[in-house]
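Structural overview
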Amino acid sequence: MALEQLSDVVQRCQANKDESFSPEDYDLFLTAGRICIEQGDSAQVLSILVDEKNKNIVRCMGWNLLGPLVQMLLKKEDKNLPHCHAILSHLLEVCSPKELLVGLLEQVEEADSASISETLTLLLKPLQTVLLRLGMKKASSVGMALSTLLSQVARLPVPVTKEQEEDDVFGLCCCCTALLQFVKPFVEEIRENKDNNRISKDNELRVELLKFCMKSLSEPLLEVQLKDPDTLQKSPLRDFATEILVILSNIGESLPDLLSRNVLKKREVPGFLEEEVRYPKESLACMCHLLFVNHIAVDIFPAVLSPVFVLQCNMEYIELLLSRTEVSRLQKGLELYEKCLVRVEDNSLLVDLLELKTFFSVPQNLVKVMTLCPDQTLRTKALKVFQLSIDKFNTEAKYKFFRGMLNTSHHAGVEGYVIKNIKNQIDFSLKPCNGNDWFLGKHLLPLLRLVLCLPHGPETDLLQNLDRIMESLNLLRYMLIRDKEWENETGIWTELYKIEDNYLKPMRTGLNMSKAHYEAELKNMKENKKSSSKDSKASVCSVTVDNEKLPNMTPEMQIQVLQSALFTFDLIESVLARIEEIIEAKERPLS
C-alpha cells in the first residue's frame, strides 16, 4: 500500500516540470517513503530514487527521508543495511547540501542519550561530505555543525577510571576520535592557506575551528582526568587533547601567546568576535593544565619561558579553577598551581608579585579548599600546595603574605598554620648568618601584635580559636626561651609588658571564665543524670554552652563533650603557665 502511494506521488510529480511541488506532495512523499523504509522495502525505494526520471523530485524532496533512514540504519538490521546505505549515499549526491545539512543536524539534535554515540559516528562522514560540497561558503555551516555535535558530546558521561576509558560504554572516546577525522579536511585547508600566507585572523572558517577547539577544551576536556601513558598506553582522550592543541597551532594560534594573553594584555584582535568569546578563560585554563601538568603537545611549546613568568601567566587560570566547587576543577587548579610552583626556585618570588591581585586571591581560594571542600584528598593537597607557595616567596614577601593572611583569613586553623610558619621564619633568622630585617626587630613586632591578640578579649571563644591560640602561645614561649633578654634580637623583651597586658592577662581571665562555666555545666549534667537514672530509657536532651545550643545528645555524650572541653582548657593553661613562669623568673629579684 505505502509502496503504491510512493509510486503514485512520484509519477504525479514527474509531470511537474517547474518543480513547484505542493505541500501535499511533500507530505505524501515523506509519509509513504518512511513507511516503506520502516517496513523493509528499502530496495524498492532505492530503485525509485535512483531512476533518472525522478532526479529533480529526489533533489527537492529526498532529504525529508533522512529521519526514517537514519533510524533504520541505527537499528542495524542486516537485510536492510546495504539498501539504506545506498539510499543515503544517493541523497548525499543529489539533494541540496543546505537542506541535507539541516536534516542531518536535526537527527543529531534529536538523538536520545542512549544513542548519541552511535548517531554521531553514523552521521559525521555524511555531514563532512555535505559541508565539503558547500565550497568556499561553508564556514558558518561548519560552525553550526561543530556546535551541534559538541553540544551532544557534552551530554556523554566522562570516563573516570582506566577501565571505563578502555570499555568506552557511553562512547565519548569513540565520538572524540571521530570528531578529529571530521574536522581534518577543514583544518588542512586553513593550514595550507596559512602556509601560503592566504589567511587572516578573521578568516571565518579559521574562527569556527578556533571556537571548536575552545569549546572542546571546556567540554569535555576540562572534565577529563587524563591517564598517564604508563597507566593507559593507548588513550583516545589523551590523543584528542593532543590533537586539539595541534589544531590550534595549525590554524595560526600560538600556544605561548594564548598562555600569556592576560599578562601581556595584547591588543584586541579586530573581528566579529569579542576577545572573551574568542578565548574563554575556562578553555585557556584547560589548555594550560594540558601543557604543564599532562605535558601534552610540549614539543610545539617553547621551553624558553622563565618559571616565574609561566607561574604569573597561569595565576589567573589557577584562580578561576580554584574558585569553582566541582571536584574536577579544583583538582586541576591544585595540580596546575603545584606544577608551576615546583619549577620556581625557593625564596625567589619577589614582594612585587603580591601587588598582583591573583597572588593574593589564589591563596584565599586555597584556604576555602583547605577548610570547606568535602573531599579529604583535595583538602590535604590544598594544604601541601599552600605551604609550597609560601616556600617560594622571598623573606619580605613571606612577611607581607603572613600579615595579609592574618588580617583576612578569619579561620583559626589557617591562622594557626600561618603562625607556625612565622615561628619557623623566626627560628631560621635567629641562626648565625641568617639575620634579616623582617623576622627580627622593628618589623617583627607589628607582626607579633597581629599574632598575640584575642579577637574579642577575655570573651573570645577559646575552643573555636584553639589552633590559633596554641600556636601563638607556643611561639611566644619559644621566643622567650630562644631569644635571651640581653640579646633581644626579636625585640620580644621590649614588647613584653604590652603582651602581658593585651594578651596574657585577657587570656588568663578568659580561660578562668571558660573553665568555671564548663565545670558548672558538667556538674549540672551529672546531677541531672543521677536524678533521671531511674528512667528505663536513656533520655535525649540538649545543653547550651557559650550561648550555642549543642545538638541533641544523650547525657553520657554531653558529659563527654564537656570533659573534652575542660581537657582542652588544661592544655591551654599548661602552656600559659609555663610562659608566666618564665616572666616571673625574669621579674624576680636576684637573691
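Report on the accompanying structure. Since this is a predicted model, take the numbers as computed values, not measurements.

Examining the overall build of the protein chain
From N to C terminus, the protein chain includes 27 helices and 2 strands. Taken across its 591 residues, the protein chain has 49% of its residues classed as buried. Counting only carbon and sulfur atoms, one obtains 51% of the accessible surface of the protein chain, whose full area is about 29000 Å². The protein chain carries 70 positive and 85 negative side-chain charges, and their two centres are separated by 3 Å.

Side note on the nonpolar core
Leu91, Phe182, Leu217, Ile426 and Leu473 are the most contacted members of the largest nonpolar core, which has 189 residues in total. The element best represented in this core is helix α11 (residues 172-195), accounting for 12 residues. Not counting chain neighbours up to four residues away, the residues in contact with Leu217 comprise Leu222, Ile244, Leu245, Leu248, Ser283, Cys286, Met287 and Leu290.

Re the packing of aromatic side chains
Across all of its chains, the model carries 11 aromatic pairs by this definition. The interplanar angle of 65° and the centroid separation of 5.9 Å between the aromatic rings of Phe182 and Phe186 together place this pair among those described as edge-to-face. Note that Phe182 and Phe186 are positioned in helix α11 at a spacing of 4 residues, about one turn of the helix. With relative accessibility at 2%, the residue Phe182 sits in the buried group.

Focus: the pattern of salt bridges
The tally for this structure, following the rule as stated, stands at 26 salt bridges. With a shortest N-O distance of 3.0 Å, Glu253 and Arg206 are connected by a salt bridge. In this pair, Glu253 sits in the loop between α13 (236-250) and α14 (255-259) while Arg206 sits in helix α12 (residues 204-218), placing the two residues 47 residues apart along the sequence. Classification of Arg206 as buried rests on a relative accessible area of 2%. Here Glu338 and Lys381 are joined by a salt bridge, their closest N and O atoms 2.5 Å apart. In this pair, Glu338 is assigned in helix α19 (residues 327-342) and Lys381 in helix α21 (residues 376-392), connecting sequence segments 43 residues apart. Using a relative accessible area of 24% as the deciding quantity, one classes Lys381 as partly exposed. Bridged by salt links that share partners, the residues Glu223, Glu282, Arg324, Glu326 and Arg329 form one connected network.

Digging into unusual backbone geometry
A cis amide bond links Glu219 to the next residue, Pro220, at an omega of 15°. Tracing the backbone shows Pro220 in the loop between α12 and α13. Its identity as a non-glycine residue notwithstanding, His295 has a phi of 55°, on the positive side. Note on placement: His295 falls in the loop between α17 (281-292) and α18 (307-322). Its identity is not glycine, yet Cys433 carries a phi of approximately 70°, on the positive side. Tracing the sequence through the fold places Cys433 in the loop between α23 (412-430) and α24 (441-451). Exposure remark for Cys433: the relative accessible area of 84% places this residue in the exposed category.

Concerning the environment of His289
Tracing the backbone through its elements, the reader meets His289 in helix α17. His289 sits 46 residues away from Glu335 along the chain, and the two C-alpha atoms are 7.8 Å apart. His289 has contacts with Asn294, Lys332, Glu335 and Leu336, leaving out every residue within four places of it along the chain. Within the structure, His289 has its side chain in polar contact with the side chain of Glu335 (distance 2.7 Å).

A look at helix α25 (residues 466-482)
Its 17 residues place the ends of α25 24 Å apart at the C-alpha level, agreeing with the 24 Å of an ideal helix rising 1.5 Å per residue. Burial in α25 covers these residues: Arg468, Ile469, Met470, Ser472, Leu473, Leu475, Leu476, Tyr478, Met479 and Leu480.

Describing the environment of Ser89
Within the secondary structure, Ser89 is located in helix α6 (residues 81-94). Sequence separation of Ser89 and Leu462 is 373 residues, and the distance between their C-alpha atoms is 78 Å.

Here's the deal with helix α22 (residues 395-408)
Spanning 14 residues, α22 covers 20 Å between terminal C-alpha atoms, matching the ideal 20 Å at 1.5 Å per step. Within the span of α22, buried status applies to Ala397, Lys398, Tyr399, Phe401, Phe402, Gly404, Met405 and Leu406. For α22, the secondary structure elements touched by its buried residues are α20 (358-372), α21, α23, α24 and α25. Phi turns positive one or two residues past the end of α22, at His410, with a value near 55°.

Notes on the side chain of Lys392
As for its position among the elements, Lys392 is in helix α21. Under the relative-accessibility criterion, Lys392 is labelled buried at 5%. A distance of 2.6 Å separates polar atoms of two side chains, one belonging to Lys392 and the other to Asp346. If we skip the residues at most four places from it in the chain, Lys392 touches Leu341, Val342, Val344, Glu345, Asp346, Asn347, Ser348 and Leu349.

What counts, and at which threshold
Residues numbered from 1 in each chain as written. Predicted model: local features only at pLDDT ≥ 70, side-chain atom pairs only at ≥ 80, totals over all residues. Heavy atoms only, no water. Helix = DSSP H or I, 4+ residues; strand = E, 2+ residues; numbered from the N terminus. Buried < 20%, exposed > 50% of the residue type's maximum accessible area, 1.4 Å probe, protein only. Areas by Shrake-Rupley, 256 points an atom, 1.4 Å probe, with all protein chains shown as cover. Lys, Arg positive; Asp, Glu negative; His and termini not counted. Charge placed at Lys NZ, Arg CZ, Asp CG, Glu CD. Core = buried A, V, L, I, M, F, W, Y, C linked by side-chain atoms within 4.5 Å. Contact = heavy atoms within 4.5 Å. Phe/Tyr/Trp six-rings, centres within 6.5 Å; stacked < 30°, edge-to-face > 60°. Salt bridge = Lys/Arg side-chain N within 4 Å of Asp/Glu carboxyl O. Polar contact = N/O pair within 3.5 Å; in protein donor to acceptor, adjacent residues only side chain to side chain. Expected span 1.5 Å × (residues − 1).

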